[in-house]
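Residues per chain are reported as follows:
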Amino acid sequence: MKKILLFASGAGSNVENIIQYFKNNDNISIVGIFTNNLHAKVLEKAKHHNIPSLVFNKTELNEGFVLEKINKLQPDLIVLAGFLLKFPEHIVAAYPNKIINIHPALLPKYGGKGMYGMKVHQTILENKEKQ
């Protein structure tokens, strides 16, 4: 059984699509949904699908608390599915080649505050990026 851990900061449309895609796959388990936003609608999706969730703050993300929680779950894959904070280097180092970011930005150039949804695409087009 492969275990996937999802991170999201908002409504959770990407999370919902991932859950739906794997819901009938006996070889994949969504083991948790982590968010930095206490009011994120993704928490409703976690509850609806009976998936454990964790809410944390930026300090907890950057100072080891979140890594401890990740380590307890031992995911095979971590998916940043609309997660708006910069993912810490210590977590990336702990899970090499096991993290996918599906944020629609050219990171790190077009990430950060205000860079989400159509704002990302609009900014990239306005700047005539080739990639």
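What comes next concerns the included structure. Bear in mind the structure is a predicted one, so any value in this text is a computation, not a measurement.

The next point concerns the overall build of the protein chain. The number of helices and strands found in the protein chain is six helices and five strands. Dimensions of the protein chain, computed from the C-alpha atoms along their principal axes, are close to 45 × 35 × 30 Å. Evaluated residue by residue, the protein chain yields a buried proportion of 35% over its 131 residues. Pairs at least 24 apart in sequence give 57% of the contacts found in the protein chain among residues at least 6 apart.

Turning our attention to the environment of Y95. Residue placement: Y95 occurs in the loop between helix 5 (89-94) and strand 5 (99-101). Along the chain, Y95 and Y21 lie 74 residues apart, while their C-alpha atoms are 24 Å from each other.

Looking now at the packing of aromatic side chains. A complete count under the given rule lists seven aromatic pairs for this structure. Site record: aromatic cluster; members linked through ring pairs are F7, F34, F56, F83 and F87.

Let us look at the nonpolar core. If you look at the biggest cluster of nonpolar residues, it comprises 16 residues, and the most contacted ones within it are F7, F34, F56, V66, I70 and I78. Looking at this core, the elements with two or more residues in it are strand 1 (2-7), strand 2 (28-35), helix 4 (65-73) and strand 4 (77-80). Among the elements that take part in this core, helix 4 stands out by supplying three residues, more than any other. Excluding residues within four positions of it along the chain, F56 makes contact with F7, F34, T35, N36, L61, V66 and F83. Formed by 15 residues, the second largest nonpolar core is a distinct cluster that contains I19, A46, V79 and A81.

Pairing of strand 1 with strand 4 involves four bridges; the strand directions are parallel. Of the residues in strand 4, the one forming a bridge with L6 is V79. In this fold, the crossover linking strand 4 to strand 5 by way of helix 5 has right-handed handedness.

So, about the sheet that holds strand 2. Two strands in a sheet stick together by hydrogen bonds in their backbones, pointing the same way (parallel) or opposite ways (antiparallel). Read across the open sheet, the five strands follow the order 3-2-1-4-5; overall the sheet is parallel. The open sheet is flanked by strand 3 (53-55) and strand 5, the only strands paired with a single partner. Each neighbouring strand pair of the sheet contributes to a mean axis angle of 20 degrees, computed without reference to strand direction. In the sheet, strand 4 pairs with strand 5 via three bridges, with the strands oriented parallel. Bridging across to strand 5, L80 finds its partner in N101. Where helix 1 (residues 13-22) meets the sheet, it contacts strand 1, strand 2 and strand 4, and its direction lies at approximately 165 degrees from that of strand 2.

What helix 1 keeps buried is the set V15, I18 and I19. Projected down its long axis, helix 1 carries its buried residues within an arc of 100 degrees, all on one side. Pointing more than 90 degrees away from the buried face of helix 1 are the exposed residues N17 and Y21. In this structure, the buried side of helix 1 is in contact with strand 1, strand 2, helix 2 (42-48) and strand 4.

If a residue is not glycine, its phi is most likely negative; likewise, a peptide bond is most likely trans. Unusually for a residue other than glycine, N50 sits at a positive phi of about 55 degrees. On the secondary structure map, N50 appears in the loop between helix 2 and strand 3. Phi at Q74 is positive, roughly 50 degrees, even though this residue is not glycine. Tracing the backbone through its elements, the reader meets Q74 in the loop between helix 4 and strand 4. Overall, the relative accessible area of 54% leaves Q74 in the exposed class.

The rules behind each value
Along every chain, residues carry numbers that run from 1 in the direction the sequence is written. Predicted model: local features are reported for residues with pLDDT of at least 70 only, side-chain atom pairs are reported and counted for 80 or more only, and whole-chain, interface and lining totals are derived from all residues. Derived side-chain values reflect all non-hydrogen atoms in the structure, with water molecules and hydrogen atoms excluded from consideration. The secondary structure listing takes helices from DSSP runs of H or I that are at least 4 residues long and strands from runs of E that are at least 2 residues long, numbered from the N terminus. Burial classes follow relative accessibility: with a 1.4 Å probe on protein chains only, a residue under 20% of its type's maximum area counts as buried, one over 50% as exposed, and anything between as partly exposed. Here, two residues are considered to be in contact whenever any of their heavy atoms come within 4.5 Å of each other. Between 30 and 60 degrees the pair is tilted, below 30 it is stacked and above 60 it is edge-to-face, where a pair is any two Phe, Tyr or Trp rings, Trp via its six-membered ring, whose centres lie within 6.5 Å. What makes a nonpolar core is a set of buried Ala, Val, Leu, Ile, Met, Phe, Trp, Tyr and Cys residues whose side-chain atoms join them at distances within 4.5 Å. Any two strands are treated as partners once DSSP identifies two or more bridges connecting them. Note on handedness: a crossover is taken as right-handed if, strands pointing away from the viewer, the path from the first strand over the helix to the second is clockwise. Only the stretch in contact is used when a helix axis is fitted, and all axes are lines through C-alpha atoms; the angle between N-to-C directions ranges over 0 to 180 degrees. This arc describes the spread of directions from the helix axis toward the C-beta atoms.

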